[in-house]
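What the coordinates show
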Amino acid sequence: MIGRCKVGRLFTSTFRRCNGRASSGFQSCFESAKPLHFLCVPHTGKSNRYDSTIPYRFITVHNTQYEELGSHFNWNTNMKPIDEKMKSKFSTKSKAAVIFLDKCRSRSKREVLVKDLQKELGRFNLTVDVFGECGPRQCRRKTMQSCYWRVKKMYYFYLAFEDSMSADYITQAVLNAYDNYAVPIVYGGVHYNKYLPPGSYLNAVNASAATLAETMHDIIANREQYYNYFRWRNHYIISKSTPLDGCDLCQLMNHPARLKQTSSYEKFRKWWNPNYIQRCDSN
C-alpha cells in the first residue's frame, strides 16, 4: 500500500526505481547478471530522465486560454512585443543578477561560474548578489516572499544554475526567474529549448564568464532588447506541474495499457548516468 492506494504490479518487476532527484546523485554501482526491468523511473522536477517509463515534467506550459500544451508542440517563433503596461514592471530594476544559493559545493561547479561571473561583471560596475547560506545576504524560507519581491523589483537576471549537469534535470530555479519578471540565465544538462520559450533566457553552458558578462551588460544597456525576453508572456503561461503523488503513481502503474508494457534496460547504469564510472569510483 502507498497511502490508501493498492499497489498491484509494483512488486512483479525484477527491479524498479522511483526517484525525484538528479541521476548523478543516486548511483547504481552494482553489477547485474541480467537486464533490469523497470516500471517507473519518473522524471520529476528534481529527477533527470524524460525517457523514463513514467516521465513527469517539472514545468507545465499552457497557452493564454489555459490549455495545457503537453510535451510535443512547436514554440511560436514570431512573438508579439510586450505592451507599455508590461514594460512598466521593469522600471525599478537597477541590479544585474541574483542567485539563491544554499548548497555551496555542487557537482556542476556552479559556484565557480558564479565567482568568475562576479569578477567579469566588475569590469562593467555590475554585480551578482548571492542570497542564502553561501552568500552575505540571507533568504530564509519564512521570508522568501520578500526575497522574490526583490528579484521582481531590482534584478534584471536570475542565475538558474543547477547543482547537477544531469540530462533533463530542471528545477524551481528557472521559475524563480519567470515568476518574478527576471530573465533566467540557465546552466544545466537540459536541452532547454524543449522546456523553455525561445528568446526567453540566456544559456551559460557554452559561454565563458567574460562573454556572458558582456552580453548581460549590453542587454541591460538596451531596454528594448531586454523587453524582447518577455515576449513569451503574450503567448504562454509557464508554471510548476502538479506533483505526482503515490496515488497518482498507483493509477498510472495499474492502467490496463501499462500492465501490458515492459521496459528493459540492459545497460542501466550507463542510461541512468553516462558518467557512472567516475561517480562510482569517487564513492
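Structure shown above.
Remember, predicted model here, so these are calculated numbers, not experimental data.

In an α-helix, one full turn covers 3.6 residues, which means residues spaced three or four apart are oriented alike. Taking 1.5 Å of rise per residue, 12 residues should cover 16 Å, and helix H2 (residues 110-121) covers 16 Å from first to last C-alpha, within 8% of that figure. Those residues of H2 not exposed but buried are Arg-110, Glu-111, Leu-113, Val-114, Leu-117, Glu-120 and Leu-121.

The biggest cluster of nonpolar side chains holds 34 residues, and the ones touching the most others in it are Val-128, Phe-157, Leu-159, Phe-161, Ile-185 and Met-216. Sorting the residues of this core by element identifies strand E3 (95-100), H2, strand E4 (128-131), strand E5 (155-161), strand E6 (183-187), helix H5 (209-221) and helix H6 (223-228) as the ones contributing at least two each. At six residues, H5 tops the list of elements feeding residues into this core. Sequence-distant contacts of Ile-185, defined by excluding residues within four places in its chain, comprise Phe-157, Tyr-158, Leu-159, Ala-160, Phe-161, Leu-202, Ala-204, Leu-212 and Met-216.

Going through the model one piece at a time under the given rule, you end up with one disulfide. Covalent S-S linkage joins Cys-104 and Cys-134, the inter-sulfur distance amounting to 2.1 Å. Of note, the bridge from Cys-104 to Cys-134 carries an S-S torsion of about -105° and is left-handed in sense. Of this pair, Cys-104 sits in the loop between E3 and H2 while Cys-134 sits in the loop between E4 and helix H3 (144-154), and the two are 30 residues apart along the sequence.

Our next topic: a positive patch on the surface. A cluster of basic side chains, namely Lys-85, Lys-89, Lys-152 and Lys-153, defines a positive patch on the protein surface. Considering the arrangement of structural elements, one finds Lys-152 in helix H3.

Time to look at the side chain of Arg-110. Topologically, Arg-110 is positioned in helix H2. Apart from residues no more than four positions distant in its own chain, Arg-110 is found in contact with Leu-101, Lys-103, Phe-161, Glu-162, Asp-163 and Tyr-187.

Right, let's talk about the pairing of E6 for a bit. The element E6 is extensively covered by neighbouring structure, given that five of its five residues are classed as buried. In this sheet, E6 lies alongside E5 in parallel orientation, the contact comprising five bridges. Bridging across to E6, Ala-160 finds its partner in Val-186. In the classification by handedness, the crossover that spans E5, the intervening helix H4 (residues 172-178) and the parallel E6 is right-handed. Of the pairings in the sheet, the one linking E6 to strand E7 (residues 202-203) comprises two bridges and is parallel in character. Residue pairing in the sheet places Ile-185 in a bridge with Leu-202 of E7.

So, about H3. Regarding H3, the residues found buried are Met-144, Cys-147, Tyr-148 and Val-151. Seen along its axis, H3 keeps its buried residues to an arc of 100°; they face one direction. Residues of H3 that are exposed and point more than 90 degrees away from the buried face comprise Gln-145 and Trp-149. Summarising the contacts, the buried residues of H3 are in contact with E3, E5 and H4.

This part takes up the sheet that holds E6. Taken together, five strands build an open sheet; the order of strands is E4-E3-E5-E6-E7 and the sheet is parallel. Among the strands making up the open sheet, the edge pair consists of E4 and E7. Where E3 lies against E4, four bridges are found, and the strand directions are parallel. Looking across to E4, one finds that Ala-97 is bridged to Val-128. Across the face of the sheet, H2 comes into contact with E3, E4, E5 and E6 while running at roughly 145° to E4.

This part is about unusual backbone geometry. In this model, Asn-125 sits at a positive phi of 60°, which is unusual for a non-glycine residue. Of note, Asn-125 is situated in the loop between H2 and E4. Phi at Tyr-181 takes a positive value of approximately 55°, unusual for a residue other than glycine. Given the relative accessible area of 15%, Tyr-181 is considered buried.

Parameters and conventions
- Residues numbered from 1 in each chain as written.
- Predicted model: local features only at pLDDT ≥ 70, side-chain atom pairs only at ≥ 80, totals over all residues.
- Heavy atoms only, no water.
- Helix = DSSP H or I, 4+ residues; strand = E, 2+ residues; numbered from the N terminus.
- Expected span 1.5 Å × (residues − 1).
- Buried < 20%, exposed > 50% of the residue type's maximum accessible area, 1.4 Å probe, protein only.
- Core = buried A, V, L, I, M, F, W, Y, C linked by side-chain atoms within 4.5 Å.
- Contact = heavy atoms within 4.5 Å.
- Disulfide = S-S within 2.5 Å.
- Patch = residues over 30% accessible without salt bridge, like charges linked within 9 Å, V, L, I, M, F, W, Y side chains within 5 Å.
- Areas by Shrake-Rupley, 256 points an atom, 1.4 Å probe, with all protein chains shown as cover.
- Salt bridge = Lys/Arg side-chain N within 4 Å of Asp/Glu carboxyl O.
- Lys, Arg positive; Asp, Glu negative; His and termini not counted.
- Charge placed at Lys NZ, Arg CZ, Asp CG, Glu CD.
- Pairing = 2+ DSSP bridges.
- Right-handed = clockwise from strand over helix to strand, strands pointing away.
- Arc of directions from axis to C-beta.
- Axes fitted to C-alpha atoms, helices over the stretch in contact; angles between N-to-C directions.

No statement about biological role is implied by the geometric values presented.
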